[in-house]
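Take a look at the letters that make up each chain.
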Amino acid sequence: RWSRGLGDVYKRQFEARAAVSVKEGDEAPVFGAVWITGRFEVDRDARMVTFDDIEIPTVTFPEASEEEQNKLAVFLEREIPKWDLEVELDRVIPLLDNAEVALNEAAELNNAPPKIIIKYKPAVLILIDGQPKLEEIENSTLERVVNTPYVILKYKSTYYLASDTMWFEAWSINGPWTEARSLPKDVQQVDAELKKQQQEQGGSAPADESVDDRVPEMVISTEPAELIFIDGSPEFEPLSTSEIMVVSNTDSDVVFEIATQNYYVLLSGRWYRTKDLDNGPWTWVANNELSPQFSEIPAESDVGYLRASVAGTEEAREALLEQSVPQTASVKTSAGASFNVEYDCDPQFKPIDGTNMTYAVNTSAAVIWSGGRYYACDQGIWYDSASATGPWTVSKHVPDEIYTIPPSNPHYNVTYVKVYDSTPEVVYVGYTPGYTSSYVSHGCVVYGTGWWYRPWWGPRFYYPYHATWGFHVRWNPWYGWSFGLSWSTGRFTFGIGFG
């Protein structure tokens, strides 16, 4: 179990017990139990857990003397570290039945539906973070729309949108977009640079042999939205429950409940329903308020992964246990010397609602002012300083107040980053999946807070924040959250990124 200390800070420790037998020579073995404590570190990427600083606080052998039991404890404390204990994370998770899973944030997540767009012909959603903001590209006749992860350029009165294999053009940012047959010289230079970057990153995806070569419609949205492409009229495939059918001709998760005649869609781990796919309205349904038929979705079916988003199922329970496992690291106290925060001009701070804290708005870093000192969280490590511009030191303690930052603030995710312990040379840190926008809501795991955070647009930089909607985020029990497109043949894809 992960033990909790003062100030609601989780200790990087474990407690366990084991049945053991002791045998000397040819004598019959003696059976008893030992209690074990120590430190643990988790590498979520490698999915491995290592243990150290082992102590044996209790040994129980009914027929052994206290001296014999103490002797065994000393022996185990000496020998166990020699074993270099390393265990697969997937073997540890099933043992965490009593692990504490954070549920308190569910009430404050924003579960209001985004704009849900249904298309019956191939379409791709292109998100722009508010109204388009144009910035001139140096030594060029082009402007770029900077508040989007997609490459959108403007040359004179024409917009150009890049995919991995082709370009689109339109007279208006809202379209209609058509395939570009020719490109201006400066756009050609950008195209060459994109192809070069693609090759440096491993080349383009292999060509899809599918005969489906349809060019999709580009759907532009300047507000949080999700696009669901259904290839023609919905085709229904019944499940063994007979009360639920899935729409089979879509890559999205669309379910039809016969008894209520409601359509359900699963978006970023949240369920929304309507009786009219085309016109809505859509309403949110909490994961623990779905009809019992949802928990009867066959685990072995093609849509068995949906059970992870149905509260009370074994799949949902396992996903919750994943949420309690931290990614940990040991950081040298000297690491703060190389940490810097870059601001767009002088630091600017705004209040954090409901608290006495403020946060920096003109930087990509999470910088919080609390109790007369500045705290910055970067790559799962806390730093602090007397000045907003540093110098910074690795934090050995973070104020409890920081863990009251609400989900309506763009830096809510840092409340999942903990300082567990420290020595004069090393600070033990870690974070649970909330730091990477994976949260617990109504008995299930969901992605994103659901809030839209106003980005920073300044003289030199544009800084976006975490987005819940628009990137086809879905949960899979085998590899967690994934991202995708509304439609793709393999030949037609988009490469996106933040930077």
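Data block above holds the structure.
Scope of this entry: the structure provided in the associated data block. Not measured: the values here are computed from a predicted model.

### Points about the overall build of the chain
Phase 1: Across its full length, the chain carries 4 helices and 36 strands.
Phase 2: Partitioning the contacts of the chain with sequence separation of at least 6, the portion at a separation of at least 24 is 55%.
Phase 3: Accessible surface computed for the chain: about 25,600 Å², of which carbon and sulfur atoms make up 49%.

### Quick look at empty space enclosed by the protein
Phase 1: Taken as a whole, this structure holds 3 cavities of 30 Å³ or more when the rule is applied.
Phase 2: Empty space within the largest cavity amounts to approximately 90 Å³.
Phase 3: Considering the residues around the largest cavity, the lining is formed by E226, L227, I228, S252, D253, L266, L267, S268, H472, V473 and R474.
Phase 4: For the lining of the largest cavity, the elements supplying multiple residues, two or more each, are β15 (225-229) and β19 (262-267).

### Focus on the sheet that holds strand β12 (residues 167-170)
Phase 1: On the basis of which strands lie adjacent, the open sheet formed by 6 strands has the order β8-β9-β10-β11-β12-β13 and antiparallel pairing. Every interior strand has two partners, whereas the edge strands, β8 (134-136) and β13 (178-179), have only one.
Phase 2: Across the sheet, helix α3 (residues 185-200) is in contact with β9 (142-145), β10 (152-155), β11 (158-162) and β12; its angle to β12 comes to roughly 150 degrees.

### Some points on the pattern of salt bridges
Phase 1: The full count for this structure, using the stated rule, is 13 salt bridges.
Phase 2: The partner of R78 in a salt bridge is E79, with the nearest N and O atoms 3.6 Å apart.
Phase 3: Taken together, the salt bridges that share partners define one network made up of R39, D53 and D421.

### So, the nonpolar core
Phase 1: Grouped together as the largest cluster of nonpolar side chains are 42 residues, with contacts concentrated most on V341, V367, W382, W392 and I402.
Phase 2: Looking at this core, the elements with two or more residues in it are β24 (358-360), β25 (366-370), β26 (373-378), β27 (381-385), β29 (417-422) and β30 (426-431).
Phase 3: Examining the composition of this core, we find that 4 residues originate from one element, β26, more than from any other.
Phase 4: Setting aside anything within four residues of it in sequence, one finds W382 in contact with Y375, A376, C377, T393, V394, S395, V398, I402, Y403, V414, V417 and V419.

### Here we look at helix α1 (residues 66-79)
Phase 1: With 14 residues, α1 extends 20 Å from end C-alpha to end C-alpha; this agrees with the ideal 20 Å at 1.5 Å per step.
Phase 2: For α1, the complete set of buried residues consists of Q69, L72, A73, L76 and E79. Here the buried residues of α1 occupy an arc of 140 degrees about the axis, which is enough to place them on one side. For α1, the exposed residues set more than 90 degrees away from the buried face come down to E66, E67 and K71.

### A short note on the side chain of S395
Phase 1: In this fold, S395 is placed in the loop between β28 (393-394) and β29.
Phase 2: Within the local environment of S395, its side chain forms a polar contact with the side chain of D384, the two groups lying 2.7 Å apart.
Phase 3: Apart from residues no more than four positions distant in its own chain, S395 is found in contact with Y375, W382, Y383, D384, V419 and V427.

### What about the packing of aromatic side chains?
Phase 1: Evaluated as defined, the whole model comprises 21 aromatic pairs.
Phase 2: Seen in terms of ring centroids, Y453 and Y465 are 6.3 Å apart; in terms of plane orientation they differ by 80 degrees. Their pairing is edge-to-face. Taken together, the residues Y453 in the loop between β32 (444-447) and β33 (456-457) and Y465 in the loop between β34 (462-463) and β35 (474-476) connect sequence positions 12 residues apart.
Phase 3: Counting every residue linked through ring pairs, the aromatic cluster contains Y447, W475, W481 and F483.

### Regarding the sheet that holds strand β16 (residues 236-238)
Phase 1: A sheet is described by the order of its strands in space; here 6 strands give the open sequence β16-β17-β18-β19-β20-β21, paired in antiparallel fashion. Each end of this open sheet is capped by a strand with a single partner; those strands are β16 and β21 (283-285). Geometrically, the sheet is characterised by an average inter-axis angle of 35 degrees between neighbouring strands, direction not taken into account.
Phase 2: Bridge analysis of β16 against strand β17 (residues 244-247) gives 3 bridges, and the strand direction is antiparallel. Counterpart to P238 in the pairing with β17 is M245.

### Some thoughts on the environment of P347
Phase 1: Summarising the element assignment, P347 is placed in the loop between β22 (327-332) and β23 (349-351).
Phase 2: As a C-alpha pair, P347 and A360 span 13 residues in sequence and 6.6 Å in three-dimensional space.
Phase 3: Each residue touching P347, except ones within four places of it in the same chain, is listed here: N362, A388 and T389.

### Describing the environment of P81
Phase 1: One can find P81 in the loop between α1 and β5 (86-88).
Phase 2: A relative accessible area of 43% places P81 in the partly exposed class.
Phase 3: Sequence separation between P81 and I54 is 27 residues, and the spatial gap between their C-alpha atoms is 6.8 Å.

### Description of the pairing of β30
Phase 1: Burial runs high along β30: 5 of the 6 residues are buried.
Phase 2: Pairing of β22 with β30 involves 6 bridges; the strand directions are antiparallel. In the sheet register, V331 faces β30, and the bridge partner there is V427.
Phase 3: Across 5 bridges, β29 lies against β30 in antiparallel orientation. The residue of β30 that forms the bridge with S422 is V427.
Phase 4: If you look at the hairpin formed by β29 and β30, you'll find 3 residues sitting between the two strands.

### Considerations on α3
Phase 1: Compared with the 22 Å implied by 1.5 Å per residue over 16 residues, the 23 Å span of α3 between its first and last C-alpha is a close match.
Phase 2: D186, V187, D191 and Q198 are the residues of α3 that are buried. Around the axis of α3, the buried residues are gathered within 145 degrees of arc, so they sit on the same side. Among the exposed residues of α3, those pointing more than 90 degrees away from its buried face are K185, Q199 and E200.
Phase 3: The secondary structure elements touched by the buried residues of α3 are β9, β10, β11 and β12.

### Considering unusual backbone geometry
Phase 1: Cis geometry marks the peptide bond from G175 to P176, where omega comes out at 10 degrees.
Phase 2: When you line up the elements, P176 lands in the loop between β12 and β13.
Phase 3: The linkage connecting G280 with the following residue, P281, adopts the cis geometry, with an omega of -5 degrees.
Phase 4: Position of P281 among the secondary structure elements: in the loop between β20 (270-274) and β21.
Phase 5: For Q261, which is not a glycine, the phi torsion comes out positive at approximately 60 degrees.
Phase 6: Here Q261 is to be found in the loop between β18 (254-257) and β19.
Phase 7: The partly exposed category is assigned to Q261, whose relative accessible area is 43%.
Phase 8: Here the phi dihedral of C345 falls at roughly 75 degrees; this positive angle occurs in a residue that is not glycine.
Phase 9: When you line up the elements, C345 lands in the loop between β22 and β23.
Phase 10: Look at C345 and you get partly exposed, because its relative accessible area is 44%.

Rules behind the numbers
- Residues numbered from 1 in each chain as written.
- Predicted model: local features only at pLDDT ≥ 70, side-chain atom pairs only at ≥ 80, totals over all residues.
- Heavy atoms only, no water.
- Helix = DSSP H or I, 4+ residues; strand = E, 2+ residues; numbered from the N terminus.
- Contact = heavy atoms within 4.5 Å.
- Areas by Shrake-Rupley, 256 points an atom, 1.4 Å probe, with all protein chains shown as cover.
- 1 Å grid on protein atoms, 1.4 Å probe; cavity = no way out; pocket = protein on both sides within 12 Å on 5 of 7 lines; lining within 4 Å.
- Points joined across faces, edges and corners; volume = space filled by probe spheres on them.
- Pairing = 2+ DSSP bridges.
- Axes fitted to C-alpha atoms, helices over the stretch in contact; angles between N-to-C directions.
- Salt bridge = Lys/Arg side-chain N within 4 Å of Asp/Glu carboxyl O.
- Core = buried A, V, L, I, M, F, W, Y, C linked by side-chain atoms within 4.5 Å.
- Buried < 20%, exposed > 50% of the residue type's maximum accessible area, 1.4 Å probe, protein only.
- Expected span 1.5 Å × (residues − 1).
- Arc of directions from axis to C-beta.
- Polar contact = N/O pair within 3.5 Å; in protein donor to acceptor, adjacent residues only side chain to side chain.
- Phe/Tyr/Trp six-rings, centres within 6.5 Å; stacked < 30°, edge-to-face > 60°.

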